[in-house]
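# Coordinate analysis (summary)
Spelled out from the first residue to the last, the chains are:
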Amino acid sequence: MEKKWISKNIEEFPLRPNLLEYDKEYRAFSWQRIAENFDGLPSGGLNIAHEAIDRHANGELRDKTALLWLGQNGEKKTYSFAQMKAESSRFANVLKSLGIAKGERVFTLSTRLPELYISAIGVLKNRSVLCPLFSQFGPEPILQRMQGGDAKVLVTTTRLFEKKIRPLLEQLNTLSYVFLIDALEDENAQVLSLPRLMEQADEVFEIERTDPEDMSLLHFTSGTTGMPKGVVHVHKALYTHWMSGKYALDMHPDDIYWCTADPGWVTGTAYGIITPWLHGLTNIVDESEFDAERWYSILQEQNVSIWYTAPTAIRRLMRIDSFPAQEYDLSALRLIQSVGEPLNPEAVLWGVEKLKMPIHDNWWQTETGGIMISNLLSQSIRPGSMGRPLPGIEAAIVRLEDDGTLTQVTQADKEGELALKVGWPSMFRAYLHNEERYKKCFVGEWYLSGDLAYKDKEGYFWFIGRADDIIKTSGHMVGPFEVESSLMEHPGVAEAGVIGKPDEMIGQLVKAFVSLKAGYEPSEELRHELLGFGRSKLGAAVAPKEIEFLDNLPKTRSGKIMRRLLKARELGLSEGDTSTLED
Ligand code: ATP
Ligand code: MG
C-alpha cells in the first residue's frame, strides 16, 4: 500500500496542543509528575471518584456542568460537579447502608441514563467494584457475566429487569439486591426502588481510605476472538487516564467532550466517564443509538470540541453520501479520535475531505485499561497507522522463540507481536478467576497483546491483525486489515472482512466478505471487478481469490468485525461464544 502522510499546521489550531514535541515529552516523562496533579483522599490513598468528581466539586469547578445528558426524545438534563458529588454520595450511602462492602461487585444494566453515571461514581466512592453490562445483552451473556463476576448488586431499569433479569433471579445466587432506577416502590426485600433509596440517603459521604491497588472496575472483553474475559482494574489506573486525556485527547479546560461508546465497553467507562471528569470537562452523554443526522446535530448544537468514536461508526457515516462540514457548523470541533478496530486509511482521508479534519486512530485493549498508542493532534498522521506510544508507555515488536524466551524485533517494518513493558498504572491486575490465562500474557517484563504489528523507522506502529486472524497463503503472511483496507478504496465497498480458508495447494486461500454502499448491487460483474481491483492494489499473492457479498458483516455489539464467525460459518464449524454478537 502506498503510504501518504497528513501533515499538520499547528499555527492554524485554535488551541496550542498539550504535546508539541513528541520525542522531548516522551523522554522527559515521569509517572511521578503525573501523580502530582492529584489531591489524594483526605483519609489517605487514591480514589477515582474523588479525583474525578469531589475534587472539582470542592473547588472552583463546583458549578460547572459535569454531565450534559441528551435524552432519546429531546429532553436534556445537566448536572454540575457539585450535583454529581451529592448524587453519587447518596448512592454510596445507599450501598453502605445495605452493607455492601469494599471489593463487592455492583453490576449495571441500563441504557445511558444519568443514574448509570451517578451509580458508577457512587460505587467507586464506596470502594465497591463497578461492572457495567451492555443493555442490549440477552439473558445468557448477562447470566454468564453476573455469575462469573460474583454480582452482589444490580442497578437496572424496570423494563430490562422484567425482560432479562427476573427469569434469571433463581440462578443468581450471589445477588443480594436489585435497584430499579425507575420504580417508585420496592417490590420486596430484594428488588428495591432506587429513587426511594436515594431520597432517604444522605448527600454527604466520606470516602474511606482507598489503596491505589484496590480493585475499581471489572470489565469484560468484547469476545471478538472467543469467550469474553473478566478484566480487573484498580484505582491507580486514573494516572493513565489523566495522561492519555492530556496527550492523546488533548483535553483543555474549556473543551466540550463527547465519547460515543457505551459504558458496557471499556471505552465507555475509561473515556466516557472517568477521563473527561478527571480533567474537569463537560461530558456529553447521548442516550440514543447511532443516527447520522442526530450525531452531526449534536456536534453542532453542543459545540463539541473533542469527539471520541469508533471505526464502525465512521464507516457508517461514510456509507451515507453527505458532506457534514458543509451541511453543519462543526467549527467548535478540533480533534477526532477513534478506537476499537483498525481505522482504514480510507476513513482517515474521508475525514480530511468531508469533516475537514483527519481522524486520529489509537490503540488499546480492555487489558491495557487506557490508550497506549495514538496518533497525536500535533503530529503528522500516517493513515492506516495507529500512531506512536504515549509518554510513559513502552511498546515493542517481539517474537516468542520456541524455547519460551522473547526477542525484540528491532528492524523497521518487520512484523511480530505487539508487546508493552509492564508497569503502566492502568495495566490489568487479573483475569477474574483465571490466574493461568493471566500469567500466559506475560513473558519477563513484557505483556503480550495478542495483536500482530510492525513499527516503521519513524516509530509509528502499524496493525496487521490479531494473531488468530493472520492468513498464511503460498508462504506469505497476510494480515486481513491490509486486504480489507484495499478493498475499501473501491467506491462501492462499505465494509470488508477477510479470512483464510484452508486450501491444499497454498495453505490458506484469502477470502473476502464484502458489504456494498447504497447504489451498488451484488453481481457477477462486480465480483470480478473487485477481484481485479484487489489484484491491482495488492498483487496476486495477497489479493483475495474469493469474494462473497453480505448485506452486513457479523459484528460484536461494540462494532468489531467477527472474523472468527465468518470463518466458522464458511467452514461449517461451531460458532463458539456468540454472546456479544450484534442482532
Ligand atoms: P476478546 O479479547 O474477547 O477477543 P477484544 O480483543 O475485541 O475481544 P477489546 O479489549 O475490546 O476486546 O478490544 C481490543 C482489541 O481491539 C485489540 O487487541 C485490537 O485487536 C483491537 N483494536 C483496538 N483498537 C485498535 C486499533 N486502533 N487498531 C487496530 N486494532 C485495534
Ligand atoms: Mg482481546
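Residues numbered from 1 in each chain as written. Chains lettered and ligands numbered in written order. Predicted model: local features only at pLDDT ≥ 70, side-chain atom pairs only at ≥ 80, totals over all residues. Heavy atoms only, no water.

### Here we look at the overall build of the protein chain
The secondary structure content of the protein chain amounts to 18 helices and 28 strands. Computed over C-alpha atoms, the radius of gyration of the protein chain comes to 24 Å, within 12% of the 25 Å expected from 2.2 N^0.38 for 583 residues, which places it in the range of a compact globule. Judged by the C-alpha coordinates and their principal axes, the protein chain covers about 70 × 55 × 55 Å. In the protein chain, which comprises 583 residues, the proportion classed as buried is 61%. (Helix = DSSP H or I, 4+ residues; strand = E, 2+ residues; numbered from the N terminus. Rg over C-alpha atoms; globule rule 2.2 N^0.38 Å. Buried < 20%, exposed > 50% of the residue type's maximum accessible area, 1.4 Å probe, protein only.)

### Describing the domain arrangement of the protein chain
What the domain assignment lists for the protein chain is domain 1 (11-15 + 38-455) and domain 2 (471-571). Relative to domain 2, the C-alpha centre of domain 1 lies at a distance of 32 Å. Approximately 2000 Å² of surface area, both sides summed, lies buried where domain 1 meets domain 2, with 53% of it carried by carbon and sulfur atoms. The largest share of the area that domain 1 buries against domain 2 comes from Thr224, Arg315 and Arg319, three residues that together contribute 30% of it. Counting across the domain 1 and domain 2 interface gives one salt bridge. A salt bridge links Glu495 to Arg315; its shortest N-O distance comes to 2.7 Å. (Domains from an automatic or database assignment. Buried area = accessible area lost by both parts, 1.4 Å probe. Salt bridge = Lys/Arg side-chain N within 4 Å of Asp/Glu carboxyl O.)

### Some points on unusual backbone geometry
Residues other than glycine seldom take positive phi values, yet Lys356 does so here, at roughly 65 degrees. In this fold, Lys356 is placed in the loop between α14 (345-355) and β14 (360-363). On the basis of relative accessible area, Lys356 is assigned to the exposed category, the value being 56%. Phi angles above zero are rare outside glycine, and Asp413 is one such case at about 65 degrees. Examined against the element boundaries, Asp413 turns out to sit in the loop between β18 (406-408) and β19 (416-421).

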